[in-house]
Amino acid sequence: MKNKISILAVVTIAVMAFGMYQALVAAPTERTMGDAQRIFYIHVPSAWVAFMCFGLNFIASVAYLIKRESIWGDRTDALAIATAEVGIICCTVVLVTGPIWARKAWGVWWAWDLRLTTTLVLWLIYLAYLMLRRFSSEGRAPLMAAVLAVFSFADVPFVWFAIRFRDYRGNHPKPVFGNGPNQGLHPAIAKAFFVNLIAFTLFGVLMIALRYGLERRRQQNAERRLARSIEGVATPELQEVR
Amino acid sequence: MPYMIAAYAAAGTIYAGYLISLASRARAARRDAEEFRNA
């Protein structure tokens, strides 16, 4: 497992370095927005990884609700918390880089546009999910969090389709792919974008793998602590790791 | 240019901060496991 993560880390660093070269050097400067358009190469891939994480969180939570009494219970729960945490980190990047780009492109930091508002709501929902996990008592937390995660995922299609509604008239641009004729990206911009999309996907998988490993270790420590206390053996003063 | 630099710096800080937090928590969890083994 450790070797696989090391290989993934090396590949991610290499692809990420190539992606940053494509984004900052090789891709042409956009005519109207100038260099600010290069924010696109981190903003959209981060949003994609956030969606991927929330999708995986939904699948892991459903799997936990079905299999929680089996050996898959702890694993699916660990995957759920790992994907929620990485998803919220990526969503934070989206919500920070978006307004910086918006200030240059639209002249305002924020607009209560459908896409922006639903993304902010999504971020707040998963923040509530992490707070529930952090501050509720150990026993029921995974079950309550799994139920919350299933409902939380309901916001994801709203964010995804927000700019795809036919009557959408918000500030956020409509999708550049699959949006009719004379739409799309310049080939050099498309190349830089897809390299970064792959790089960020690898980076997302790496962060999930690291967080999953940490959660599994934490679960094993908690099981040992419980076993010791049942046996009546004095447990050492251990720091709670979350 | 300043907008691009600000966005890349912000994203880099958030991702790097998270990786540092993961490394620190992993070290603490390893230390816990070690203490159990030695207890």
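It should be emphasised that the depicted structure is a prediction, and the values quoted were computed from it without experimental measurement.

Asker: Break down the overall build of chain A for me, citing the residues and quoting the values.
Answerer: For chain A, the count of helices and strands is seven helices and zero strands. Each helix and strand of chain A, ordered N terminal to C terminal, gives the series α-α-α-α-α-α-α. The buried share among the 242 residues of chain A stands at 44%. A sequence separation of at least 24 residues applies to 74% of the contacts in chain A between residues at least 6 apart. Summed over its atoms, the accessible surface of chain A is roughly 12700 Å², and 66% of this surface lies on carbon and sulfur atoms.

Asker: I'd love a proper account of the nonpolar core, names of residues and values included.
Answerer: Counting 52 residues, the largest nonpolar core has Tyr 41 and Tyr 129 of chain A together with Tyr 15 of chain B as the members making the most contacts within it. Elements represented by at least two residues in this core include exactly helix H1 (2–26), helix H2 (40–67), helix H3 (72–105), helix H4 (114–135), helix H5 (141–152), helix H6 (155–161) and helix H7 (187–231) of chain A together with helix H1 (2–38) of chain B. Ranked by residues supplied to this core, first place goes to H3 of chain A with 11 residues. Those residues within four positions of Tyr 129 of chain A in sequence are excluded, and the remaining contacts are Asn 57, Ala 80, Ile 81, Ala 84, Ala 145, Leu 148 and Ala 149 of chain A.

Calculation rules
- Residues numbered from 1 in each chain as written.
- Chains lettered and ligands numbered in written order.
- Predicted model: local features only at pLDDT ≥ 70, side-chain atom pairs only at ≥ 80, totals over all residues.
- Heavy atoms only, no water.
- Helix = DSSP H or I, 4+ residues; strand = E, 2+ residues; numbered from the N terminus.
- Buried < 20%, exposed > 50% of the residue type's maximum accessible area, 1.4 Å probe, protein only.
- Contact = heavy atoms within 4.5 Å.
- Areas by Shrake-Rupley, 256 points an atom, 1.4 Å probe, with all protein chains shown as cover.
- Core = buried A, V, L, I, M, F, W, Y, C linked by side-chain atoms within 4.5 Å.

Scope: geometric values only; no functional claims are made or implied.
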